[in-house]
Amino acid sequence: MNIVLLNPEIPYNTGNIGRTCVLTKTKLHLIKPLGFSLDEKAVKRSGLDYWKDVQLYVWEDFEHFFKENIENRNVNLYFATTKTKRRYSDVNYGKNDYVMFGPESRGIPEEILNRYKENNITIPMLPLGRSLNLSNSAAIILYEALRQNDFEYEKI
């Protein structure tokens, strides 16, 4: 599996997600601009001693990421958003699929969501706040995708 963070802003979230990725053999893709330096102590503190083992890919922009990873390949890219009704649990994930999350303060841009509307997914929640924490959301969706693929990383 692949987790994609588009313009992440909070180093602690990225560090937590990196730690989850290491422990599930999931690749982590970061799309610039980043709201922090990857050398920041906050990223490494949240990722603990796992950060050095993250399968990390950093991309200059969405178009470059898309061309290198999605275009002309037999994989899916899903977009986590609060702006759809399609639940993350209603998707059939492939073991090499990608799930993208937007910046913490504003989410994935409408332009991208509208262009790939059929791949938008959401985590159901009460309308009491904006959304769940980014690292929690990534873990929820990632573990559903891994469950559907029988936790293949366990067989390594």
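This structure is a prediction, so every number in the text was calculated from the model and none was measured.

So, on to the overall build of the protein. A tally of helices and strands in the protein yields five helices and six strands. The secondary structure elements of the protein, listed N-terminal to C-terminal, are β-α-β-α-β-α-β-β-α-β-α. In summary, the protein has a C-alpha radius of gyration of 15 Å against a globular reference of 15 Å for 156 residues, a match within 12%. Structurally, the protein occupies a C-alpha span of about 35 × 35 × 35 Å along its principal axes. Taken over 156 residues, the protein has a buried fraction of 46%. Accessible surface computed for the protein: about 8600 Å², of which carbon and sulfur atoms make up 47%.

Here we come to the environment of N136. Along the chain, N136 turns up in helix α5 (residues 134-148). Taking the relative accessible area as the measure of exposure, N136 reaches 44% and is therefore partly exposed. Linking N136 and I17, residues 119 residues apart in sequence, is a C-alpha distance of 8.4 Å.

For N119, the position within the fold is in the loop between α4 (110-115) and β6 (120-121). If we skip the residues at most four places from it in the chain, N119 touches L77, Y78, F79 and R86.

Judged by side-chain polarity, M125, L132 and I140 come together as a nonpolar surface patch covering roughly 210 Å² of accessible area. Looking at the element boundaries, M125 is found in the loop between β6 and α5.

The sites that UniProt annotates as "binding site: S-adenosyl-L-methionine" (unreviewed entry) are G102, I123 and S131. The annotated residues occupy 30 residues of the chain but converge on a single region, no pair of C-alpha atoms lying more than 14.1 Å apart. Following the sequence through the fold, I123 ends up in the loop between β6 and α5. With sequence-adjacent residues up to four places away left out, I123 is seen in contact with Y88, L132, S137, I140 and I141. The topology assignment puts S131 in the loop between β6 and α5. Judged by relative accessible area, which is 46%, S131 ranks as partly exposed. Those residues in contact with S131 that lie beyond four places of it in its chain are T82 and M125.

Analysis parameters
Residues numbered from 1 in each chain as written. Predicted model: local features only at pLDDT ≥ 70, side-chain atom pairs only at ≥ 80, totals over all residues. Heavy atoms only, no water. Helix = DSSP H or I, 4+ residues; strand = E, 2+ residues; numbered from the N terminus. Rg over C-alpha atoms; globule rule 2.2 N^0.38 Å. Buried < 20%, exposed > 50% of the residue type's maximum accessible area, 1.4 Å probe, protein only. Areas by Shrake-Rupley, 256 points an atom, 1.4 Å probe, with all protein chains shown as cover. Contact = heavy atoms within 4.5 Å. Patch = residues over 30% accessible without salt bridge, like charges linked within 9 Å, V, L, I, M, F, W, Y side chains within 5 Å. Salt bridge = Lys/Arg side-chain N within 4 Å of Asp/Glu carboxyl O. UniProt positions renumbered as here; feature names shortened; annotations may be inferred.

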